[in-house]
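# Coordinate inspection notes
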Amino acid sequence: MPSQSWFIAGSALLLSLAVGAKGPHPCTETDYYYEYTECDSTGSRWRVAIPQSHGSCIGLPEPVRGTECTFSCEAGEFLEMSSQECTQCAAGTYSLGSGIRFDDWETIPTGFSSLATYLDNGPHGNDSLTCNSSSWFPQSSYLESNRDECTVSLIYAVHLKKQGSVSFDYQYTDHKLFFDFFIQNDQCQEMDQTADKKWLKLTSHGEWATHTVNLKSGTNILYWKTAGVLGAKVMKPVLLKNVHIEGVAYASECFPCKPGTFSQTPGSSSCHPCPRDTHSGHGASSCTPCNTTTHYAPTGSGVCKARPPCSKKDYFQIHTPCDLEGKTQVIYRWVEPQICLVGVAGAETLPPSGDRETCPPCNPGFYNNNTATCSPCAPGTFSDGVKACESCPAGTEPAVGYQFKWWNIVPANMKTSCFNVGNSKCDGMNGWEVAGDHIRSGAGGSDNDYLILNLHVPGFKPPMSVTGGAGTEFGRIIFEFEMVCSSDCELYFMMVRTAEDKEKPTLTANYTVAYTQDINRKSTTVVESWEGSKVKQSYTYIMTKNASVSYTWAFQRTNQASEVRQNVNDMVRIYSISVSNAVDGASSECQACALLSQPSGSLCVPCPPGHYIHTHTSQCTECPPNTHLTSHSTQSPEACKKCGPSSKSNKEHSRCYSDCVFSYSENKVSLSFDYSSLGSVGTLMNGPHFTSKGTKYYHLFNISICGGEDMRAVCTDNVTDLSSADSQRETGESANAVESFICQSTIIPSSGRGFRTALSSQSISLADTFLGATVALTLGGVKARPDLFPQTTNKVRDVNFFYRSLEATSSCEAGRNVVVTLRCNSERSTQGELTVPSQCPAGTCDGCIFHFLWESSGACPQCTPTDYHQIEAACKGGLQDKLYVWNEPKLCVGGVSLPENKTWPCNSMDFLVKMGAAIGAFTAALLFSITCYFWKKNKRLEYKYSKLVMSSNKESELPGADSCAVMEGEVEDEVVYSKKTSLIRKLKAITSRGNRERYENVQLNSSQSNGLVWG
């Protein structure tokens, strides 16, 4: 037994040793890593060791109390968890301390997501499928948004242990695209943000802007949202890069530098790009030079590239400055830095220089004084560029400005540059090159470069005799250009309004001073753009506000990036640029000015607003009533233009308007109208409309048909270019507002695109000039179309209000026109209803002429005495009323009122009836009495005649014919008849017998008398 026990024990020992050899081993530092637990309610946490693989070792370190939850290291350091102390990053790495940065956009980084939303579809209900391909796209060094009107959000969620911030760089150049940035918490509730933090400002083409927003501790969900307004054409995308978030818990390690960058010293918070012709790999602490004989590398390159053979795109031509002999020539130079190889197979060589030619003359306002350079004329003098400067004669003043039409050198107040959002190939290149009679776009480094030409104007100074009234023209810029393109090239003309510069450029004697300034940019506006080839043409822009501005021309051959140059020959040429009334400009001519009233006065004096300079007296003369002064001509009575029909001018003679009163005569009938009851501004919400992607939007029109400056329509944007809101807020103007007679805004409902409030954008003026009001169908070349608004039977003619907008567009070179038709409709309210033609639901059929119908009872003429009639009431109680009522249908308002009802005494109908009855009764009684009298008398005659007949029968002879009357003293006896006979028949018988007795003598025989009976 003992030996057996020892055997079992030994076997168990050996087995345990064998098992121990294959079981968990004691843990080393490579078997685990440290992490912090979640913070408790007191803000404390613990550091715990986590094994790399479960059960691989035993003896993990015990948990220890960690640092405070708000603890973090400085930039360039990381938290070494074993010692819980901050340690510097090694060379070739970097750390942001408590921040994270995203600057590598080869792919969308982990944690970011792109979501297309389509909360509102078109009438077919399935348009949302068209947004499935819309997304944010990585473009190596930046992210690019979608190019359509779909709403796409870039989302990133981050948990902050303390208050922090997020900052990013962006480009936002297209005002037809909404771009907003907002933050939600973990309950999907949007954080409170001011408008300038939510809605991003527009940037100039090629310019990056930085946006920073503070973050609260806890979960923050970041949204970058873009949404197009209309799908008319492809929109310029938003570009995003360098997203930097501060406030994370800690950095437990340092990040290696990406290829093309390096960090040379320990403790770096960022990596620097490698210089040109050097390269670096992942986590480099220095950059390696390329073999510049055969290879090259752009700035920030991870590899060296082989130098290609030189081609025509690698050189450009320039005109040399005028030499002492007044000669210039065309020479060719390699694009710098030169990356191509000369002398290899297929390589181009520089063309020979051109012949020396006579330099073009100086630009107007300059002179050369027999030297090789042109100098500006002194103040008070002028020159056409050929002759020497001369003083302006008495009674005139110099017309200052810029007139650049000869391009031997780039003028001192202009500069050129080249920019590409994705690379730095053209950095330092000239974006434009002078070419004698024009200046043209340069070659650039890539086809998608922005080639930029900038002209700075420090301000405007109108002529002495012109002062700044409402609508005054302070200056205008006119340039002539043409475009030659084989692809989708585009030219932008932009205006950047600036604050006062710390140093303003001036035209010095050598005409070559540097353009140095410190511009605080306030507002960038894309004034106009052109696409594709364009024939030689001119464009004019008028300045109605005095400000320091920079005009910019930006040309891009294509918006698609490509390593292969395909459109290098596409270009734009600008032949001339003219700016009037520039503060620091030179003078090419003199213009008449107003003089003092004294005969000896020869000094120019300013004219009040609305005055012109009389040709003969050179005195300030006010324009006649109801005329307006054309802003670009003030030197003759013809400068005062008569206002249109039924319009009047304001006090400054700068604008014509309707005073709400209108009248016309027709068929010897005069009708007067008063439209003040229609209200100051009429509003029409037109829609809904749907884009090709199913986005719902409306057009909002505000219309003011009458009134002066205080009754104009206003359309306000609540999004997009907040930079203009900043500058307008400083001057006390309405932010993002368009003020005119008629304006239009595009409205996107809040439920349509995922926005929390309705968006009002793209406000434009449709009518800033009132042409007049008339019942005619044509005025000032604008034609009304009554066929668009069929009229039912109406005795009152429609009144047409004609308007014009002088702002030219690409589709309406002569500007837009508007016709508002006012129609009398007694069934409408006083405010009435605005409608657009059913055939043209957008209000316009061609995009240039807008038609509106305003039906209202307030559009009816004023009432006159011909619009009512009188009615006489019945006589009651001896009184009678006279009433006045309107003619039906009533087609008038206001004017005269109905006269008061009248009452006067009258003979009542009862008395007349009684009188008539009494007279009738009396007449009847009289007739009855007369009838009875004659009837009785007739009976007497009959009786007497009977007796005579009877007597004759007895004596066989007739009585004497001398008398048949009843003699005096005789008594009349009764007569008895054999039968009854009517009274009328008896009267007839007596009458006929009487006639026979009168004209005949009848012999009566006794033989016949026996049968005689009266019947």
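Residues numbered from 1 in each chain as written. Predicted model: local features only at pLDDT ≥ 70, side-chain atom pairs only at ≥ 80, totals over all residues. Heavy atoms only, no water.

### Here we look at the overall build of the protein
If you tally the helices and strands in the protein, you get five helices and 69 strands. Scored against the burial criterion, the 1015 residues of the protein give a buried share of 44%. When contacts within the protein are restricted to residue pairs at least 6 apart in sequence, those whose partners lie at least 24 apart make up 67%. Carbon and sulfur atoms form 53% of the exposed surface of the protein, whose accessible area is close to 52,500 Å². (Helix = DSSP H or I, 4+ residues; strand = E, 2+ residues; numbered from the N terminus. Buried < 20%, exposed > 50% of the residue type's maximum accessible area, 1.4 Å probe, protein only. Contact = heavy atoms within 4.5 Å. Areas by Shrake-Rupley, 256 points an atom, 1.4 Å probe, with all protein chains shown as cover.)

### Focus on the state of the cysteines
Working definition: the covalent bond between the sulfur atoms of two cysteines is a disulfide. Per the stated rule, a full pass over the model turns up 19 disulfides. Note that Cys812 is cross-linked by a disulfide to Cys848, the S-S spacing being 2.0 Å. Linking Cys812 and Cys848, the disulfide has an S-S dihedral of approximately -100 degrees and is accordingly described as left-handed. Within this pair, whereas Cys812 is found in the loop between β63 (799-804) and β64 (817-824), its partner Cys848 is found in the loop between β65 (833-835) and β66 (849-856), the two being separated by 36 residues in sequence. Here the two residues Cys812 and Cys848 agree in accessibility, since each one is buried. (Disulfide = S-S within 2.5 Å.)

### Examining the sheet that holds strand β17 (residues 218-228)
One open sheet accounts for four strands, arranged β10-β13-β17-β15; its pairing is antiparallel. In the strand order of this sheet, the two ends are held by β10 (112-117) and β15 (177-184), each with one partner. The average angle at which neighbouring strand axes cross in this sheet is 20 degrees, direction not considered. Both β10 and strand β13 (residues 151-160) contribute to a ladder of six bridges, which runs antiparallel. Bridge assignment links Ser113 to a residue of β13, and that residue is Ile155. (Pairing = 2+ DSSP bridges. Axes fitted to C-alpha atoms, helices over the stretch in contact; angles between N-to-C directions.)

### A look at the sheet that holds strand β60 (residues 769-774)
Read across the open sheet, the five strands follow the order β60-β63-β64-β66-β65; overall the sheet is mixed. Every other strand in the sheet has two partners, leaving β60 and β65 as the edge strands with one partner each. Between one strand axis and the next, the sheet turns by 20 degrees as a mean value, whatever way the strands run. Relative to β66, β64 is paired through eight bridges, and the arrangement is parallel. Paired with Val819 across the bridge in β66 is His851.

### As for the packing of aromatic side chains
Counted under the stated rule, the structure contains 43 aromatic pairs. Their ring planes at 90 degrees and their centres at 4.9 Å tell us that Phe102 and Phe112 sit as a pair that is edge-to-face. Here Phe102 is found in strand β9 (residues 99-102), whereas its partner Phe112 is found in strand β10, with 10 residues between them in sequence. For the pair shown, Phe102 and Phe112 are each scored as buried. Taken together, the ring pairs in this structure connect Phe102, Trp105, Phe112, Tyr156, Phe168, Tyr170, Tyr172, Phe179, Phe181 and Trp224 into an aromatic cluster. (Phe/Tyr/Trp six-rings, centres within 6.5 Å; stacked < 30°, edge-to-face > 60°.)

### Details of the nonpolar core
One finds Leu455, Tyr551, Trp553 and Ile577 to be the most contacted residues of the largest nonpolar core, which totals 40 residues. In this structure, Tyr551 is in contact with Leu453, Asn454, Leu455, Val457, Phe460, Ile477, Phe493, Met494, Met495 and Met543, ignoring residues within four places of it in sequence. (Core = buried A, V, L, I, M, F, W, Y, C linked by side-chain atoms within 4.5 Å.)

### Here's the deal with a nonpolar patch on the surface
Together, Phe922, Leu926, Ile930, Tyr933 and Phe934 make up an exposed nonpolar region whose accessible area comes to about 560 Å². Summarising the element assignment, Tyr933 is placed in helix α4 (residues 909-955). (Patch = residues over 30% accessible without salt bridge, like charges linked within 9 Å, V, L, I, M, F, W, Y side chains within 5 Å. Salt bridge = Lys/Arg side-chain N within 4 Å of Asp/Glu carboxyl O.)

### Side note on the side chain of Thr381
Within the secondary structure, Thr381 is located in strand β32 (residues 381-382). In terms of polar contacts, Thr381 uses its side chain to reach the backbone carbonyl oxygen of Ala378, at 2.5 Å. Not counting the four nearest positions on each side in its chain, Thr381 is found in contact with Cys389, Glu390, Ser391, Pro398 and Ser587. (Polar contact = N/O pair within 3.5 Å; in protein donor to acceptor, adjacent residues only side chain to side chain.)

### Structural notes on the side chain of Thr558
Mapping Thr558 onto the fold places it in the loop between β43 (548-556) and β44 (571-580). Classification of Thr558 by relative accessible area gives buried; the value is 9%. There is a polar contact of 3.1 Å between the side chain of Thr558 and the side chain of Asp488.

### Some thoughts on the pattern of salt bridges
Counted according to the given criterion, the structure contains nine salt bridges. Note that Glu666 is salt-bridged to Arg797, the shortest N-O span being 3.0 Å. Note that Glu666 is positioned in strand β52 (residues 661-666) and Arg797 in the loop between β62 (782-783) and β63, a separation of 131 residues in sequence. The salt bridge involving Arg712 is made with Glu739; its shortest N-O contact spans 3.7 Å. Placement of the pair is Arg712 in the loop between β55 (696-703) and β56 (713-716) and Glu739 in strand β57 (residues 737-740), with a sequence separation of 27 residues.

### As for the environment of Pro63
By the element assignment, Pro63 lies in the loop between β4 (57-58) and β5 (64-65). With 27 residues separating them in the primary sequence, Pro63 and Tyr36 have C-alpha atoms 9.6 Å apart.

### Some thoughts on the environment of Ser133
For Ser133, the location among the structural elements is in the loop between β10 and β11 (137-138). Taking the C-alpha atoms as reference points, Ser133 and Cys150, separated by 17 residues in sequence, lie 9.7 Å from one another.

### A short note on unusual backbone geometry
Between Gly687 and the following residue, Pro688, the backbone shows a cis peptide bond with an omega angle of 5 degrees. With respect to the helices and strands, Pro688 occurs in strand β54 (residues 682-690). Omega for the peptide link from Glu888 to Pro889 comes to -5 degrees, which places this bond in the cis form. A positive phi angle, near 55 degrees, is found at His653, a position not held by glycine.

### Quick look at the confidence of the model for the protein
Overall, the prediction assigns the protein a mean pLDDT of 78, with 79% of residues at 70 or greater. Taken as a whole, residues 1-21 scores under 50 in pLDDT and shows zero contacts with residues more than four places along the chain or in a different chain. Considering only residues more than four positions removed or in separate chains, one finds that residues 961-980, a stretch of pLDDT under 50, has 20 contacts. (pLDDT = per-residue confidence, 0-100.)

### Concerning the environment of Val681
Along the polypeptide, Val681 turns up in the loop between β53 (669-674) and β54. For Val681, a relative accessible area of 28% gives the class partly exposed. As a C-alpha pair, Val681 and Ile742 span 61 residues in sequence and 9.2 Å in three-dimensional space. Among residues more than four places away in sequence, those in contact with Val681 are Asn702, Ile703, Ser704, Arg712, Ala713 and Gln831.

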